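Single-letter residue listing:
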Amino acid sequence: NVVASGQNNVAENANDQPQPRPNYWSVIKTLAIRMIFIYFVASMFRRSTPPQETVTSDGKMLPVAKPSSNVFDKFTVMDMYVYISEQEEFADFKNEDALFWSKTGLIYGDWTEGPTNDGTFEKSGLIQVSEAVQNNGSLYIHVYFVKEGYSPDPVDRASKTYSKKFTVHKSRRLNKFKKRKFHKTVNLLTGQTEVHPDLIQKENASTFEILSHWHPNLTINLLDDHSPWIIGSVPQPLDEYIEFIPASNKYYPVLYFNDYWNLNQEHMPINDTTKVLNFTLTYSPMSLFKWQLYAAQGMRNKWVNMLGTEASEEDDDQDSLKMAFLETSPYLLGITIVVSILHSVFEFLAFKNDIQFWKSRKSLEGLSVRSVFFNVIQSLIVLLYIIDNETNTVVKISVFIGLCIEIWKINKVVNAQLDRENKILGVIPRLKFTEKSTYTESHTKQYDILAFRYLSWLLYPLLAFYAVYSLVYQEHKGWYSWVLSMLYGFLLTFGFIMMTPQLFINYKLKSVAHLPWRMLTYKALNTFIDDIFAFVIRMPTLYRLGCLRDDVIFFIYLYQRYIYSVDPRRVNEFGTSQEMLDSNGAVVTDGGDKSVKAITESGDDATTTTEDIADKTDDIEEVTNNKGEENGSVNKSLDEKKKD
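Residues numbered from 1 in each chain as written. Predicted model: local features only at pLDDT ≥ 70, side-chain atom pairs only at ≥ 80, totals over all residues. Heavy atoms only, no water.

- Per an unreviewed UniProt entry, the chain carries the name Cleft lip and palate transmembrane protein 1 and comes from Arion vulgaris.
- Note on the chain: under the UniProt heading Sequence similarities (unreviewed entry), the record states "Belongs to the CLPTM1 family."
- Taken from UniProt, the Subcellular location (unreviewed entry) comment for the chain reads in full: "Membrane". (UniProt positions renumbered as here; feature names shortened; annotations may be inferred.)

1. Digging into the overall build of the chain
And then number 1: What the chain contains, in helices and strands, is 16 helices and 20 strands.
And then number 2: Put simply, the chain has 644 residues, and 40% of those count as buried.
And then number 3: For the chain, the exposed area adds up to about 37,400 Å²; of that, 56% sits on carbon and sulfur atoms. (Helix = DSSP H or I, 4+ residues; strand = E, 2+ residues; numbered from the N terminus. Buried < 20%, exposed > 50% of the residue type's maximum accessible area, 1.4 Å probe, protein only. Areas by Shrake-Rupley, 256 points an atom, 1.4 Å probe, with all protein chains shown as cover.)

2. Some remarks on the sheet that holds strand β8 (residues 167-173)
And then number 1: Strand order in this open sheet of four strands is β5-β4-β7-β8, and the pairing throughout is antiparallel. The open sheet has two free edges, formed respectively by β5 (99-107) and β8, since each of these has just one partner strand. This sheet shows a mean twist of 15° between the axes of neighbouring strands, independent of strand direction. (Pairing = 2+ DSSP bridges. Axes fitted to C-alpha atoms, helices over the stretch in contact; angles between N-to-C directions.)

3. Concerning the sheet that holds strand β11 (residues 217-223)
And then number 1: The strand order across the open sheet formed by four strands is β6-β16-β11-β14, and the pairing between neighbours is mixed. Of all the strands in the sheet, just β6 (121-128) and β14 (255-258) have a single pairing partner and so form its edges. The mean inter-strand angle of the sheet, taken between neighbouring strand axes irrespective of direction, is 25°.

4. Overview of the pairing of strand β10 (residues 208-214)
And then number 1: In this structure, strand β9 (residues 176-181) lies alongside β10, joined through six bridges in antiparallel fashion. Paired with K179 across the strands is I210, a residue of β10.
And then number 2: Here β10 pairs with strand β15 (residues 268-269) via two bridges, running antiparallel. Looking across to β15, one finds that W214 is bridged to M268.

5. Some thoughts on the environment of A91
And then number 1: With respect to the secondary-structure elements, A91 resides in the loop between β4 (77-85) and β5.
And then number 2: As for A91 and P152, which are separated by 61 residues in sequence, their C-alpha atoms are 10.0 Å apart.

6. A word on a nonpolar patch on the surface
And then number 1: A contiguous nonpolar surface patch, about 670 Å² in accessible area, is contributed by L189, V468, Y469, V472, Y473 and W479.
And then number 2: Here the element with the most residues in the nonpolar patch is helix α10 (residues 444-473); it accounts for four residues.
And then number 3: Structurally, Y473 can be placed in helix α10.
And then number 4: Residue Y473 is classed as exposed on the basis of its relative accessible area, which comes to 64%. (Patch = residues over 30% accessible without salt bridge, like charges linked within 9 Å, V, L, I, M, F, W, Y side chains within 5 Å. Salt bridge = Lys/Arg side-chain N within 4 Å of Asp/Glu carboxyl O.)

7. A word on unusual backbone geometry
And then number 1: Positioned with a positive phi, F75 is a non-glycine residue whose angle comes to about 65°.
And then number 2: At N136, a position not held by glycine, the phi torsion is positive, near 65°.
And then number 3: For N136, the position within the fold is in the loop between α3 (131-134) and β7 (140-147).
And then number 4: A relative accessible area of 31% means that N136 is categorised as partly exposed.

8. Some remarks on the pattern of salt bridges
And then number 1: This model, assessed by the stated rule, comprises six salt bridges.
And then number 2: A salt bridge links R172 to D259; its shortest N-O distance comes to 3.4 Å. One end of the pair, R172, is in strand β8; the other, D259, is in the loop between β14 and β15, with 87 residues separating them in the sequence.
And then number 3: D259 gets classed as partly exposed once you look at its relative accessible area, which sits at 32%.
And then number 4: Among the charged side chains, a network of salt bridges with common partners joins K94, D153 and D156.

9. A word on the UniProt feature "transmembrane region" (unreviewed entry) in the chain
And then number 1: Taking the numbering used here, the UniProt-annotated feature "transmembrane region" (unreviewed entry) corresponds to residues 331-351, 371-387, 454-473 and 479-500.
And then number 2: The span residues 331-351 carries 100% helix and 0% strand; its end-to-end C-alpha distance comes to 30 Å.
And then number 3: The distance from the first to the last C-alpha atom of residues 371-387 is 24 Å, and the span holds 100% helix and 0% strand.

10. Considerations on the confidence of the model for the chain
And then number 1: Of the residues in the chain, 68% have a pLDDT of 70 or more, and the chain-wide mean is 74.
And then number 2: Contacts of residues 1-24 to residues separated by more than four positions or lying in other chains number 33 contacts, the stretch itself having pLDDT below 50.
And then number 3: Per-residue pLDDT stays below 50 along residues 589-638; that stretch engages in 38 contacts with residues further than four places along the chain or on separate chains. (pLDDT = per-residue confidence, 0-100. Contact = heavy atoms within 4.5 Å.)

11. Concerning the packing of α10 against helix α12 (residues 500-509)
And then number 1: Following both chains from N to C, one finds α10 and α12 inclined at 130°, their axes separated by 9 Å at the closest point. Relative to α12, the element α10 is oriented oblique. The two elements α10 and α12 meet at a crossing, and its hand is right-handed. Of α12, the residues touching α10 (which contributes T444, Y447, D448, L450, A451, F452, Y454 and L455) are T500, P501, F504, I505, K508 and L509. (Parallel < 35°, antiparallel > 145°, perpendicular 65-115°, else oblique. Left-handed = near helix turned anticlockwise from the far one by under 90°.)

12. Quick notes on the side chain of T120
And then number 1: For T120, the location among the structural elements is in the loop between β5 and β6.
And then number 2: Polar contacts involving the side chain of T120 include one to the side chain of D118, which spans 3.2 Å. (Polar contact = N/O pair within 3.5 Å; in protein donor to acceptor, adjacent residues only side chain to side chain.)

13. Section: the environment of F177
And then number 1: Along the chain, F177 turns up in strand β9.
And then number 2: Here F177 falls in the partly exposed class, since its relative accessible area comes to 30%.
And then number 3: Distance from F177 to P269, taken between C-alpha atoms, is 9.2 Å for residues 92 residues apart in sequence.
And then number 4: Leave out the neighbours within four places in its chain, and F177 touches N136, G137, S138, I210, L211 and S212.

If you want it as structure tokens, here you go:
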């Protein structure tokens, strides 16, 4: 009990380290990559090309390799021997302490054996830990399958109870070496930390240490396969597992160590307090299709390592995916996969329509310019925060691109130019911003300033309280990290407040016609998808509340769209409004006694003469000259609404 308690304390303190917020999209991305690898592996397996005749340097034709068969026929009776030793090359067969499990009378390919009638057997036991293993030594498992009555020990060759041809052997290291990073954060006021002393970095020491870890479960799968494999024609990665017997058309059955469902968080460190290790070993047969799926995962892991991803990051992503499989209903998981594909489509459409909206936007009436500048500051804080916390490079690139887009929007909401007369330090031209006329001449600027004034009454006190809370109760690497983490946490907690200025402007203008509704709709659909992931995948409560707040804001947008009907007196970018158009498409002045027919009309008036076109052109010019008077009428109506 004392040993187990010491191990649990170390594990619990290791889990107390600050973990990054799980990203549901990385989980779905991992799942998609796995499915792609499985597809390619299955495709290569179906399209395996038969071997062709080869010609040697002296012109001789080598015979074509013939299909091979399994050295063990179906329902062959076998014996299994499992040894656990510190030797990588095992030879101590006479040591009874090394023999962990001896199972005789196994029938190859029988799926009805065992207590549960599915061909599965299980063995649990305790392993004594030597001093070498306690000090980052290695522990190996050696598994042998032989014909019934045969021995796995080559020494028994003389007694004819050993046959190399009918001996299947495979070994692997049981313990796993993992990085454990030291705790770098302290309370800036007291200089103390609440983590275990073993997790505190020593002076002039590395930022991490390599520790041996142990997982108490492992599964041995013996592949039930009698395919006619041909040497040189086995597709990857299956060719790494199938071993052909030289000078014969036989191959050994695949012996596969399956630890896919061993979660990274279930590993426990091995140290000087570890005297014994619990170990449960399971044997079960495996089909060819299922083995292909597991082999594809191994191939994917090699590709990930080639891309330079840290093992700890990869393990965390795999844990999230496995937990989703283990804790989620298959039907809900299937729906989640389909919805994730829709999420990608909506995300792309939202990005596309956002760019198109700001690229073609000529008027800023009804849009909050200050919110655009705040989005730039927010994106910059997020980028600096993830750089300070050593986040994945792909995430850094994604956030940097988002920051560039927000900076690009600045030129769309203000006029940016270089002031070469008033230079900084007399050398660097000063960047000068001037507001666009469509923003200053409308009521939007007035409402935007008023909205941020009301917002500051709530925002600044919350920021002050959160800064004090973060400084007193949280740990940080330094003052710079405290500023970044405090601002990032504040944005994550109260960032929805910054969505309210646009709601306030909509309320004052009694209109939502100026909003990019396509982009908002796609983002809202993605928000609803976020809600699904937030409850399917294990995530912090704060993140789930963040998804809920976005839903509330969008429903307020929808409510405003419902109550603010179309204003027939609103002037569009062509200087006309709905009141100025009669039912036939004619432009009507305020007096109602003058009208101009549109150039393109239906019916008998479709054919026009040169004089008609000239008259219509004069009338259109007259309407254009009255544009200022009509705009004044619209502004007057807005003032009346404001008084109401």
